[in-house]
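# Secondary and tertiary structure notes
Now for the letters of each chain:
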Amino acid sequence: MSQSPSVDIDPRSPRARLAALFDDGAFTPITPEDDRGVLSAVGQVHGARVVAFATDPTVQGGAMGSQGCRAIVTAYDRAFADHCPVVGIWHSGGARLREGVASLDGVGRVFAAMTRASGKVPQISVVVGPAAGGAAYGPALTDVVIMSDAGRIFVTGPEVVRSVTGEDVNMDILGGAEPHGRRSGVVHITTDSEAQALGQARDLAVLLAHQGSLDIDAVADRDLGAYLPESARRAYDVHPLVEGFLDDGTFIELHARWAPNIVVGLGRLGGRTTGVVANNPMRLGGCLDSASAEKAARFVRMCDAFAIPLIVLVDVPGYLPGLGQEWEGVVRRGAKLLHAFAECVVPRVTVVTRKAYGGAYVAMNSSSLGATRVFAWPDAEVAVMGSVAAIRILHRRRLAEVPEDARAQVELELAAEHEVISGGIKRAVEIGVVDEVVDPTVTRTTVARILLDTPGVRGVHGNIPL
Amino acid sequence: MSQAVRAEMVASVHSIIAAVGDRVVPGEPIMILESMKMEIPVCADAPGTITEISVQPGDVVREGDLLVLLA
């Protein structure tokens, strides 16, 4: 193994960046160190075997030629053979112009290698400088994209944009943390520095590579109900509940700022890598919409491909209504979440904490989509819609005849009556859409036991970047 | 630089908690919106002092409407 680079090495060089990624700065190159613009290596990350490559911005701005592309394919071949994660560190202007179409052919071969590996070995990209053109699509094809403060991802740069569309933009506006972290969903994690970005890549790599086994004795109960507000109508931030459910300090959120009405991420439960999907009532009331359904669908498929069990925390008032949503393709993009859960074979446990209404109830890992087990907290509601909304439709004519000042009271009475007839959570248990009502104080151990007792399998499919 | 807090979705204004001149920090509710039968707190992204509250309880706001200005 080669050792840490000396201090005078260019911090942007592949050698320096790979040293920052691997344990103790130690790694073994698996491709020649020359002017091909990419260096690939194997080493350890938190003790787990990892293959990594870094583009070399000190040679032709990190542009990718056929030899450099071959070095990336070599990294993939090795990751495939060793069955370990592959981390790509990107700082590249795209294909090498002077090589002409040969470089495009090389870039295409990289994309093909990434797609062959998709769903088989975990792929993490760390974008630490501009990644343009072909270098933009490389990271985009991988499972997780991390971007440092200096990272920029775009297909065409500011000058081309200016000449074609007249838009006066810089690289930051085109492809920095704000557009990709919040608007486009290209980037899963943004960080304030390159060191933090590589640190996140290390933490994710070990979560994916060394998933561990669930130690039930390490899972203590906590009153998870304490994370909910007293009023059932009041929105709240779901992050403390997610973090409280998982082992302390292990949660890594993906796509935190994009579609924040749903929270997805990886952590550990009883030491075992576990994925969480949770509605976040604090944003858009926790409604599902086109972007959040797509975000969750991609995450569920990634966990399924890598044999990571899922916990789904449900508190959802429905799908967000509106013209904008329909035109954005809430039907097509919402269908992705239905498809993702319905095909998912890893253990996946649902906990309805407050409510699950309508189509969103179905989409959030319902019993009908094959959930391993569905739990509900004692005060939870599972229904086509809230009882007041339901009786407003069912008793429209009768309510129209009630004087306005008495209407609220009549609505409440009808709603109570409706709840008795439709059965509330008791009825949901009777017909089997909820398996069991569980107290928030014992939910953690109850869910952990189900995950422990369910055979671990993995979905055999790629992880197309939905 | 002033910071605008805008409505994330169609909603009615349920109640106003803070007042002009109040200093707020991220996560501190300024007002409560009601939408989808949910009472949704509206908070600032960054700390600031409220210079304007553009809505009153009962108002209906659309996505993107200005709710609060902070300086």
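Residues numbered from 1 in each chain as written. Chains lettered and ligands numbered in written order. Predicted model: local features only at pLDDT ≥ 70, side-chain atom pairs only at ≥ 80, totals over all residues. Heavy atoms only, no water.

## Regarding the overall build of chain B
Within chain B, the secondary structure is distributed over zero helices and eight strands. For chain B, the sequential pattern of α-helices and β-strands runs β-β-β-β-β-β-β-β. Scaling as 2.2 N^0.38, a compact globule of 71 residues should have a C-alpha radius of gyration of about 11 Å, and chain B matches this with 11 Å. Across its three principal directions, the C-alpha atoms of chain B cover 30 × 20 × 20 Å. Sequence separation of 24 or more characterises 54% of the internal contacts of chain B that already satisfy a separation of 6 or more. By element, 52% of the accessible surface of chain B is carried by carbon and sulfur atoms, the whole surface being about 3600 Å². Side-chain charges of chain B comprise 4 positive and 10 negative groups, with the mean position of each set lying 4 Å from the other. (Helix = DSSP H or I, 4+ residues; strand = E, 2+ residues; numbered from the N terminus. Rg over C-alpha atoms; globule rule 2.2 N^0.38 Å. Contact = heavy atoms within 4.5 Å. Areas by Shrake-Rupley, 256 points an atom, 1.4 Å probe, with all protein chains shown as cover. Lys, Arg positive; Asp, Glu negative; His and termini not counted. Charge placed at Lys NZ, Arg CZ, Asp CG, Glu CD.)

## Structural notes on the overall build of chain A
A tally of regular secondary structure across chain A gives 18 helices and 16 strands. Computed over its C-alpha atoms, the radius of gyration of chain A comes to 25 Å, within 12% of the 23 Å expected for a compact globule of 466 residues. Taking the principal axes of its C-alpha atoms as reference, chain A extends roughly 80 × 60 × 35 Å. Counting the 466 residues in chain A, one finds 56% classified as buried. Carbon and sulfur atoms make up 55% of the accessible area of chain A, which totals about 19100 Å². (Buried < 20%, exposed > 50% of the residue type's maximum accessible area, 1.4 Å probe, protein only.)

## Notes on the interface of chain A and chain B
With 19 residues of chain A at the contact, the number on the chain B side is 11 residues. Between chain A and chain B, a total of about 1300 Å² is buried, with carbon and sulfur atoms accounting for 59% of that surface. Counting the contacts that link chain A with chain B gives four salt bridges. Taking the shortest distance from any N to any O, the salt bridge between Arg233(A) and Glu39(B) comes out at 3.2 Å. Remark: the boundary between chain A and chain B carries six residue pairs in polar contact (both at pLDDT 80 or more). Listed by contribution, the elements that provide at least two residues to the side of chain A that touches chain B are β13 (348–357) and α14 (387–394) of chain A. In the side of chain A that touches chain B, the residues fall into 10 nonpolar, three polar and six charged. (Buried area = accessible area lost by both parts, 1.4 Å probe. Salt bridge = Lys/Arg side-chain N within 4 Å of Asp/Glu carboxyl O. Polar contact = N/O pair within 3.5 Å; in protein donor to acceptor, adjacent residues only side chain to side chain. Nonpolar A, V, L, I, M, F, W, Y, C, P; charged D, E, K, R; others polar.)

## Details of the pairing of strand β5 (residues 123–132) of chain A
Residues and elements named next belong to chain A. Counting buried residues in β5 gives nine out of 10 residues, a clear majority hidden from the surface. Taken together, strand β4 (residues 86–92), helix α3 (residues 101–117) and β5 form a β-α-β motif whose crossover is right-handed. Relative to strand β6 (residues 144–147), β5 runs parallel, the two being bridged by four bridges. Across the sheet, Ser125 pairs through a bridge with Val145, a residue of β6. Assessed by its sense of winding, the connection that carries the chain from β5 through helix α4 (residues 134–140) to β6 is right-handed. Both β5 and strand β7 (residues 152–154) contribute to a ladder of three bridges, which runs parallel. By the bridge assignment for β7, Ala132 is matched with Phe154. (Right-handed = clockwise from strand over helix to strand, strands pointing away. Pairing = 2+ DSSP bridges.)

## Some remarks on the confidence of the model for chain B
As a general rule, the predicted coordinates of low-pLDDT regions are not to be interpreted in detail. Confidence in the prediction for chain B averages 93 pLDDT; 100% of positions are at 70 or higher. Our summary of model confidence lists the complex with pTM equal to 0.93 and ipTM equal to 0.87. (pLDDT = per-residue confidence, 0-100.)

## What about the packing of helix α1 (residues 14–21) of chain A against helix α8 (residues 194–209) of chain A?
All names here are of chain A. It is the contact of α1 with α8, at a shortest axis distance of 9 Å, that shows an interaxial angle of 50 degrees. Accordingly, the angle class assigned to the pair α1 and α8 is oblique. On the side of α1, the interface is formed by Arg17, Ala20 and Leu21, while α8 contributes Glu194, Leu198, Ala201 and Arg202. A class-by-class count of the residues in the contact of α1 with α8 yields four nonpolar, no polar and three charged. (Axes fitted to C-alpha atoms, helices over the stretch in contact; angles between N-to-C directions. Parallel < 35°, antiparallel > 145°, perpendicular 65-115°, else oblique.)

## A closer look at the pattern of salt bridges
Residue and element names in this part refer to chain A. Tallied over the entire structure, the rule returns 28 salt bridges over all chains. Between Glu178 and Arg182 there is a salt bridge, with the nearest N and O atoms lying 2.6 Å from each other. Placement of both Glu178 and Arg182 in helix α7 (residues 177–184) is noted, with a separation of four residues, approximately one turn of the helix. The partly exposed category is assigned to Arg182, whose relative accessible area is 35%.

## Considering the packing of aromatic side chains
All names here are of chain A. Tallied over the full model, the rule gives three aromatic pairs over all chains. Each ring, one from Phe53 and one from Trp90, has its centre 5.6 Å from the other, and the planes form 85 degrees; the classification is edge-to-face. With a gap of 37 residues between them, Phe53 in strand β3 (residues 48–55) and Trp90 in strand β4 connect regions that are remote in the sequence. A relative accessible area of 1% means that Phe53 is categorised as buried. These aromatic residues form a ring-pair network of at least three members: Phe53, Tyr76 and Trp90. (Phe/Tyr/Trp six-rings, centres within 6.5 Å; stacked < 30°, edge-to-face > 60°.)

## Brief notes about the packing of helix α2 (residues 66–82) of chain A against α3(A)
All names here are of chain A. Contact geometry of α2 with α3 gives a least axis separation of 8 Å together with a crossing angle of 15 degrees. It follows from the interaxial angle that α2 and α3 lie roughly parallel. Read as a crossing pair, α2 and α3 show a hand that is left-handed. Only Ala102, Ser103, Gly106, Val107, Arg109, Val110, Ala113, Met114, Arg116 and Ala117 of α3 make contact with α2, whose side of the interface consists of Ser66, Cys69, Ile72, Val73, Tyr76 and Phe80. (Left-handed = near helix turned anticlockwise from the far one by under 90°.)

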